[in-house]
There are 2 protein chains.
Amino acid sequence: MAVESAIGSKDLWSGAGNPVPGLIEALGPDMVVVGAEVERYCRDWHGDVTTGAVAVVRPRTTEEVSLAVRAIRSLGLTIVPQGGNTGLVLGGTPDAPASQVVVSLERMTAIRRIDADDFSAVVEAGAILQDFKDKVEDAGLYFPLALGAQGSCRIGGNVSTNAGGINVLRYGMTRELVLGLEVVLPDGSILDGLSTLRKDNRGIDLKQLFIGAEGTLGIVTAAAFKLAPPAEKVATALLGLGALSDAITLYRRARRDCCDLMSAFEFMPPIAFTLAQEAIPDLAMPMSADYPAYVLLEISGSGLVDIEDLMHRFLEGVLEDGLVLDGVVATSRSQARSLWLFREGMNEGQAKRGPHLRTDVSVPLSRLPEFVEQAEAAIAARLPDCTCVSYGHVGDGNVHLNVLPPSGLSRDEVAERIYTAKHVVNDVLDSFQGSMSAEHGIGRLKKPDFLSRVPATQLHLLTAIKRAIDPSGIMNPGCQLNSSADS
Amino acid sequence: MAVESAIGSKDLWSGAGNPVPGLIEALGPDMVVVGAEVERYCRDWHGDVTTGAVAVVRPRTTEEVSLAVRAIRSLGLTIVPQGGNTGLVLGGTPDAPASQVVVSLERMTAIRRIDADDFSAVVEAGAILQDFKDKVEDAGLYFPLALGAQGSCRIGGNVSTNAGGINVLRYGMTRELVLGLEVVLPDGSILDGLSTLRKDNRGIDLKQLFIGAEGTLGIVTAAAFKLAPPAEKVATALLGLGALSDAITLYRRARRDCCDLMSAFEFMPPIAFTLAQEAIPDLAMPMSADYPAYVLLEISGSGLVDIEDLMHRFLEGVLEDGLVLDGVVATSRSQARSLWLFREGMNEGQAKRGPHLRTDVSVPLSRLPEFVEQAEAAIAARLPDCTCVSYGHVGDGNVHLNVLPPSGLSRDEVAERIYTAKHVVNDVLDSFQGSMSAEHGIGRLKKPDFLSRVPATQLHLLTAIKRAIDPSGIMNPGCQLNSSADS
């Protein structure tokens with residue numbers, strides 16, 4: 001990924017070839033951002049990459065998105081759709097500053113409808129996930145999508161990346177929450193599919209194509225979602241285990257014993273405590289940091305089911321059987337919050353240690369401990385000075401196996417270790433037939449690794465679909481499959 | 001739909017133009033069925049329509065399916081994929097006997113893998129749903145897809161129609177159970193996507209296209225599914241209510257009070273009892289048949305949750321509040337079975353009364369009573385001698401609003417009433433923005449009604465995708481979008 005210094009139109013264009021006046025003429029000065037303000041749309045979430053764009057276009061309505069697509073198209077430019085710009089694989093970061101226009105959905109923030117009677121809602125692509133969750137809660141219901149970036153990520157990005165998060169084991173990925181989509185297609189036409197029908201088998205389900213497409217087939221402008229009853233009662237426990245493999249055994253038992261009432265089952269290594277305290281120094285230790293593996297378990301529900309009693313009886317059984325060695329159960333919302341702080345602080349602590357390899361892989365659930373063991377051993381053999389931090393969502397077979405270089409290295413030495421670590425992890429992953437993107441998508445960052453592994457039949461089909469829907473290749477060139485015009 | 005009398009190759013072909021020898025030469029006599037035996041593949045489930053086909057090809061492996069597709073293609077013929085032939089919209093019934101070859105998956109019945117540790121399984125398209133459910137149960141797990149035809153429908157058909165059924169409100173449609181698919185594409189290549197990974201965000205999710213495509217984009221040869229823990233404890237209740245609108249209120253309350261442990265919530269009219277007893281004369285009445293509406297409620301779970309107690313406390317509350325007027329709770333599996341017999345007997349009873357309009361519509365959940373009331377009033381006004389039977393899946397907003405002509409009419413009079421009733425129901429449905437196919441698909445039967453309603457943008461996209469994947473139009477011509485060659 002080339003790091004560009006040319007930001008915005010001013011540095012790139014002059015005279016008759018400059019498309020910016022045409023954009024402004026077609027869309028009005030209020031919709032088009034140029035100059036220094038463009039930069040923040042061209043820097044990725046981690047701050048690792050800063051690029052540029054012809055301009056940023058910020059429509060307020062679906063019709064304006066359609067207008068913008070037609071205008072950008074007619075000027076021979078291409079489109080990088082962007083939501084909260086919190087993606088982790090550069091899916092919304094332009095890589096061809098001379099031809100790409102960022103279309104930011106950040107002004108389309110309306111929650112069009114929350115229908116408590118139907119357990120459904122319709123929300124625009126630019127709404128911030130947390131704002132939507134709050135409004136749904138105000139209406140007495142629950143939108144289960146929950147992830148670290150929820151305070152700044154936006155609904156359109158959640159849909160376009162099929163976002164996962166911590167509640168997937170109970171409620172599914174974003175795809176399973178979507179009832180309908182409104183999409184502006186590459187020719188500017190509007191696919192109006194905002195139905196909230198629960199069941200609709202009228203042929204091929206077009207909306208599925210746009211979920212996870214990272215803006216390569218169109219711009220998602222609004223989504224209709226399923227809602228759930230509120231999780232009025234939540235029981236949270238942090239548990240110490242003798243080995244990661246015990247976490248899998250524990251998961252299977254919890255899946256059966258707690259039926260469909262388990263809402264999170266995260267595993268963490270002992271170093272989580274150290275990292276969390278590096279980020280949040282006054283974080284109190286809830287239990288001994290000496291166990292080889294930890295699980296953060298959450299059971300939740302509403303109505304007549306006694307969640308606290310369920311957690312109590314479950315833990316009684318697994319402690320008695322020696323599957324869990326020790327544990328703390330939160331007895332209040334604030335105690336539960338501080339247990340989750342370890343999970344979140346661990347992430348912040350890693351960031352504080354500087355650039356490192358972040359992975360987001362998945363393997364079959366039953367092989368998760370074996371994968372972590374083999375991958376960590378391979379890293380230890382090849383990069384003995386690096387530290388592995390493996391954690392994730394057990395029920396989804398989803399591991400974030402991160403590799404932290406030691407302090408005191410030069411920038412190049414760090415980059416070299418990250419590069420090596422990535423290949424070591426991917427090699428082990430390939431032998432498990434795992435996915436090198438469980439949650440985050442392909443974007444631009446993972447495109448080479450994706451394209452070098454995708455089977456020919458699948459690539460052929462993906463290319464045929466892309467050509468059928470976006471024949472001129474104006475939607476997010478450079479992302480997933482296709483090349484950007486000037487890269 | 002023309003009812004054809006020409007069955008099999010013998011009546012249709014003679015001399016050099018006959019493609020059957022070429023088929024047999026390419027595929028061997030064991031794979032190719034011709035003559036009288038072809039008929040059973042060309043008659044629909046209800047026996048309403050009998051057509052013909054050039055031949056039936058019955059491959060035993062995915063490679064043989066690929067070989068068959070290439071051979072049929074090279075002879076200039078087209079393909080109608082078929083599973084258990086239990087579809088209700090003629091999606092698997094040929095309509096161009098001179099050019100279509102039925103490819104039946106009935107010999108591909110292997111359950112390739114059940115992995116209890118991963119809560120997943122891989123099964124071939126020709127396996128009968130019930131057989132698969134039984135094998136999964138033997139492995140200590142549960143495959144939640146449950147529908148009337150489960151004793152004869154096949155997995156490939158379930159996937160290709162995105163089958164629904166009675167457990168959708170808890171476990172989702174077939175789409176939500178699919179982890180991966182193996183598909184033979186129209187060019188004969190094999191899309192190998194049988195991964196059992198729970199989370200995999202490597203770009204556009206190709207398998208989604210084939211779910212619900214009714215064989216118009218390729219032939220599903222195997223599927224990887226999620227499994228659930230067994231529903232060890234099941235509580236079933238039949239409840240009498242004062243009005244259908246009370247069923248909606250009851251559903252909302254059950255959704256909250258019983259969390260995610262509710263597995264079925266079906267509504268039925270009082271005539272259900274009459275119809276069920278017409279089909280099963282010795283069926284004992286479990287309660288008074290005088291209530292205006294009935295609900296069949298099921299709560300189920302495994303492990304530590306006390307399902308019986310939950311049902312008891314739930315019913316106590318709703319009886320006390322007068323929302324439920326009366327009810328019976330099954331205290332054994334066989335009692336539960338006999339409560340479900342009313343639901344099933346009601347269907348058989350309708351069939352016994354002769355040809356009638358069967359619909360499969362959905363509307364927003366909260367508007368379901370209003371829709372039923374308006375549609376039944378419109379039928380009563382237009383066809384006063386007909387009887388409406390409205391029942392279905394409340395949580396999905398899915399109604400089967402059927403219209404039964406009186407006895408003693410001529411065949412033409414019955415057909416005319418069915419025709420009129422369909423248009424009356426569809427007109428009311430359109431005003432609710434409902435779907436005229438909630439579960440059953442489009443096939444050939446609903447194609448005209450689908451095409452006359454589908455918005456231009458959606459049709460354009462569907463056509464573009466069809467052309468991209470099946471440019472020569474050999475996959476199930478006549479179904480969903482496209483026309484069959486000789487129709």
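Residues numbered from 1 in each chain as written. Chains lettered and ligands numbered in written order. Predicted model: local features only at pLDDT ≥ 70, side-chain atom pairs only at ≥ 80, totals over all residues. Heavy atoms only, no water.

## Here's the deal with the interface of chain B and chain A
A common measure of how large an interface is: the accessible area buried when the components associate.
Then step 1. Opposite the 87 residues of chain B that make contact, chain A presents 87 residues.
Then step 2. Of the roughly 7000 Å² buried between chain B and chain A, counting both surfaces, carbon and sulfur atoms make up 61%.
Then step 3. At the boundary of chain B and chain A, one finds 14 salt bridges.
Then step 4. In this structure, the connection of chain B to chain A is made through 42 residue pairs in polar contact (both at pLDDT 80 or more).
Then step 5. Elements that contribute at least two residues to the side of chain B that touches chain A include exactly α6 (168-171), α7 (174-177), β8 (190-193), α8 (207-210), α9 (244-257), α11 (307-320) and α16 (456-469) of chain B.
Then step 6. Looking at the side of chain B that touches chain A element by element, the count peaks at eight residues for α16(B).
Then step 7. Classifying every residue of the side of chain B that touches chain A gives 39 nonpolar, 27 polar and 21 charged. (Contact = heavy atoms within 4.5 Å. Buried area = accessible area lost by both parts, 1.4 Å probe. Salt bridge = Lys/Arg side-chain N within 4 Å of Asp/Glu carboxyl O. Polar contact = N/O pair within 3.5 Å; in protein donor to acceptor, adjacent residues only side chain to side chain. Helix = DSSP H or I, 4+ residues; strand = E, 2+ residues; numbered from the N terminus. Nonpolar A, V, L, I, M, F, W, Y, C, P; charged D, E, K, R; others polar.)

## A look at unusual backbone geometry
All names here are of chain B.
Then step 1. Despite not being glycine, cysteine 259 has its phi angle at roughly 50°, a positive value.
Then step 2. By secondary structure assignment, the location of cysteine 259 is in the loop between α9 and β11 (262-268).
Then step 3. Judged by relative accessible area, which is 3%, cysteine 259 ranks as buried.
Then step 4. In the Ramachandran plot, glutamine 480 falls in the positive-phi region, its phi being about 65° despite a non-glycine side chain. (Buried < 20%, exposed > 50% of the residue type's maximum accessible area, 1.4 Å probe, protein only.)

## Structural notes on the packing of α9(B) against α11(B)
Residues and elements named next belong to chain B.
Then step 1. Where α9 contacts α11, the two axes come as close as 11 Å, and the packing angle between them is 140°. By the angle between their axes, α9 is oblique relative to α11. Along this stretch, α9 crosses α11, giving a crossing that reads as right-handed. Side by side, α9 and α11 meet where Leu250, Arg253, Ala254 and Asp257 of the first sit next to Leu310, Phe314, Gly317 and Val318 of the second.
Then step 2. Split by residue class, the contact of α9 with α11 holds five nonpolar, one polar and two charged. (Axes fitted to C-alpha atoms, helices over the stretch in contact; angles between N-to-C directions. Parallel < 35°, antiparallel > 145°, perpendicular 65-115°, else oblique. Left-handed = near helix turned anticlockwise from the far one by under 90°.)

## Some words on the relation of the copies chain B and chain A
Then step 1. After a rotation of 180° and a shift along the axis of 0.0 Å, chain B superposes on chain A with an RMSD of 0.0 Å. Put plainly, the chains are arranged around a two-fold axis.
Then step 2. Interface overlap between copies: 100% of the residues of chain B at the interface are likewise at the interface in chain A, consistent with a symmetric, same-surface contact. (Least-squares fit on C-alpha atoms with pLDDT ≥ 70 in both.)

## Details of the nonpolar core
Then step 1. Ranked by size, the top nonpolar core spans 187 residues in total, and within it A:Phe371 and B:Phe371 carry the most contacts.
Then step 2. Those residues in contact with B:Phe371 that lie beyond four places of it in its chain are B:Val361, B:Val363, B:Val399, B:Leu401, B:Val425, B:Val428, B:Leu429 and B:Phe432. (Core = buried A, V, L, I, M, F, W, Y, C linked by side-chain atoms within 4.5 Å.)

## Comments concerning the packing of aromatic side chains
All names here are of chain B.
Then step 1. Scanning the model with the defined rule gives 20 aromatic pairs over all chains in all.
Then step 2. For the pair phenylalanine 273 and tyrosine 294, a centre-to-centre distance of 4.7 Å together with 75° between the ring planes defines the contact as edge-to-face. Of the two residues, phenylalanine 273 is situated in helix α10 (residues 271-279) and tyrosine 294 in strand β12 (residues 293-301); the sequence distance between them amounts to 21 residues.
Then step 3. Since its relative accessible area comes to 1%, tyrosine 294 is described here as buried. (Phe/Tyr/Trp six-rings, centres within 6.5 Å; stacked < 30°, edge-to-face > 60°.)

## With respect to the pattern of salt bridges
Residue and element names in this part refer to chain A.
Then step 1. Enumeration according to the criterion identifies 62 salt bridges over all chains in this entry.
Then step 2. As a salt-bridge pair, glutamate 278 and arginine 353 come within 2.7 Å of each other at their nearest N and O atoms. One end of the pair, glutamate 278, is in helix α9 (residues 271-279); the other, arginine 353, is in the loop between α11 (333-352) and β14 (361-362), and 75 residues separate them in sequence.
Then step 3. Owing to a relative accessible area of 35%, arginine 353 belongs among the partly exposed residues under this scheme.

## Regarding the domain arrangement of chain A
Then step 1. Its domain assignment divides chain A into domain 1 (111-226), domain 2 (233-352) and domain 3 (361-431).
Then step 2. If you average the C-alpha positions of domain 1 of chain A and of domain 3 of chain A, the two centres end up 32 Å apart. (Domains from an automatic or database assignment.)

## Thoughts on helix α15 (residues 456-469) of chain A
An α-helix turns once every 3.6 residues. As a result, residues three or four positions apart point the same way.
Then step 1. Between its first and last C-alpha atoms α15(A) spans 20 Å; for 14 residues at 1.5 Å apiece the expected length is 20 Å, and the two agree.
Then step 2. What α15(A) keeps buried is the set A:Leu461, A:Leu462, A:Ala464, A:Ile465, A:Lys466 and A:Ile469. (Expected span 1.5 Å × (residues − 1).)

## Digging into the packing of α9(B) against helix α13 (residues 368-382) of chain B
Residues and elements named next belong to chain B.
Then step 1. At a minimum axis distance of 8 Å, the contact between α9 and α13 shows a crossing angle of 165°. By the angle between their axes, α9 is roughly antiparallel relative to α13. The crossing of α9 and α13 is right-handed. Seen from α9, the contacting residues are Leu244, Ser245 and Ile248; seen from α13, they are Leu368, Pro369 and Val372.
Then step 2. Split into classes, the residues belonging to the contact of α9 with α13 amount to five nonpolar, one polar and no charged.

## Let's talk about the sheet that holds strand β16 (residues 398-404) of chain B
All names here are of chain B.
Then step 1. Read across the open sheet, the seven strands follow the order β13-β10-β12-β11-β15-β16-β14; overall the sheet is antiparallel. Two strands in the sheet have a free side with no partner beyond their single neighbour: β13 (326-329) and β14 (361-362).
Then step 2. Sheet topology note: the strand β10 (residues 233-241)/β12 ladder contains nine bridges and is antiparallel. When the bridges of β12 are listed, leucine 239 appears paired with valine 295.
Then step 3. Running over the sheet, α9 touches β10, β11 and β12 and is turned about 175° from β11.
Then step 4. Where helix α12 (residues 333-352) meets the sheet, it contacts β10, β11, β12, β13, β15 (387-393) and β16, and its direction lies at approximately 140° from that of β15. (Pairing = 2+ DSSP bridges.)

## Section: the state of the cysteines
Simply put, the disulfide is a covalent bond whose two ends are the sulfur atoms of two cysteines.
Residues and elements named next belong to chain A.
Then step 1. This model, assessed by the stated rule, comprises zero disulfides over all chains.
Then step 2. Unpaired in terms of disulfides, cysteine 42 finds its nearest cysteine sulfur in cysteine 479, a separation of 15 Å.
Then step 3. Of the residues examined, cysteine 42 reaches a relative accessible area of 0% and is grouped as buried.
Then step 4. Free cysteine: cysteine 386, not disulfide-bonded; nearest cysteine sulfur from cysteine 388 at 7.7 Å. (Disulfide = S-S within 2.5 Å.)

## Some points on the side chain of A:Glu439
Residue and element names in this part refer to chain A.
Then step 1. Here glutamate 439 lies in the loop between α13 (411-431) and α14 (447-451).
Then step 2. Judged by relative accessible area, glutamate 439 falls into the buried class, the value being 10%.
Then step 3. A distance of 3.5 Å separates the side chain of glutamate 439 from the side chain of histidine 400, its partner in a polar contact.

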